[in-house]
Amino acid sequence: MRQLVRGELIKTVTTRTLLGFAVGGVAFAVLNVLVVTVASGTLDEVAEKEEALAGLPVLLLLWGLVGAAGEYRHRTAAPAALVGRRDRGVVLSARIAAYALTGLLLGTLTTLVSVGLALPLLSDQPGPGLTSGDVGAVVAGNLVAFVLSAVLGAALGALIRSPVLGVVVLLIVNFAVVPLLSDAWESGVNLTPFGAAGVLSRMTHHTTLSVVAAGWVLAAWTVAVTLVAVLVERRRDLA
């Protein structure tokens, strides 16, 4: 299994796609910090200041989906299973594990940028400042959200098998459907992976769902979709 994970990891880190998502993640981190700390006016609550450190989990969801679905588009999934001489579900599990590791890498990079840029800018804001415990909690929540989102994206990519279709559906749901539903049923939206990831990463605050509960919700979705993806992978043709 270790060799399978290593092989899948080599594939993920040697593509230009990873660089693109890394640049995109850093760009969003910088933009989010500037918008929250400079363009949003006075921040006098801890929750508002935590939002300056927030990440964008949907970016990692897209990373996992595009990468995993691309394996089928470029017909590299079947050779990987044949060369590895392992069950197709095991190969997919190794691929998902590789995306979890790269998700952690991307999450760490963007989180470091957010923290390094936001803390000096937040020091001039009134009200209680962010303690080391607050910063640590936000960083931990971000990293968990990033890793789980990358895993969930990879599992969805294995199910959908089409990067274009997956990205289109995902963007429509995240940026159109979820905001519309949130106005009418906030507590229900928070139980979706999109809502839970937003709460966990501090993009959303003052909600009916706690940060810890959001972590469990996102983890439950990730485990469920991953199990379905592995089971389906074992039953269908890779070609």
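Residues numbered from 1 in each chain as written. Predicted model: local features only at pLDDT ≥ 70, side-chain atom pairs only at ≥ 80, totals over all residues. Heavy atoms only, no water.

In the annotation of an unreviewed UniProt entry, the entry for the chain reads ABC transporter permease, and the organism field reads Streptomyces flavofungini.

Novice: Outline the side chain of T226, listing residues and values.
Specialist: Looking at where T226 falls in the secondary structure, it is placed in helix α11 (residues 211-235). Look past the residues within four positions of T226 in its chain and what remains in contact with it is I96, V151 and A155. (Helix = DSSP H or I, 4+ residues; strand = E, 2+ residues; numbered from the N terminus. Contact = heavy atoms within 4.5 Å.)

Novice: Explain the packing of aromatic side chains to me, and be specific about the residues and the numbers.
Specialist: Following the criterion strictly, the structure yields two aromatic pairs and no others. An aromatic cluster of three or more residues is present, and its members are F21, W63 and Y99. (Phe/Tyr/Trp six-rings, centres within 6.5 Å; stacked < 30°, edge-to-face > 60°.)

Novice: Tell me what's going on with the packing of helix α7 (residues 132-160) against helix α10 (residues 193-200), and back it up with residues and numbers.
Specialist: Between α7 and α10, whose axes approach to 8 Å, the crossing angle comes to 155°. Taken together, the axes of α7 and α10 are roughly antiparallel relative to one another. Remark: the crossing between α7 and α10 carries left-handed chirality. Contacts between α7 and α10 pair G141, N142, V144, A145, S149 and L152 from the former with P193, A197 and L200 from the latter. Grouping the amino acids of the contact of α7 with α10 by side-chain chemistry returns six nonpolar, three polar and no charged. (Axes fitted to C-alpha atoms, helices over the stretch in contact; angles between N-to-C directions. Parallel < 35°, antiparallel > 145°, perpendicular 65-115°, else oblique. Left-handed = near helix turned anticlockwise from the far one by under 90°. Nonpolar A, V, L, I, M, F, W, Y, C, P; charged D, E, K, R; others polar.)

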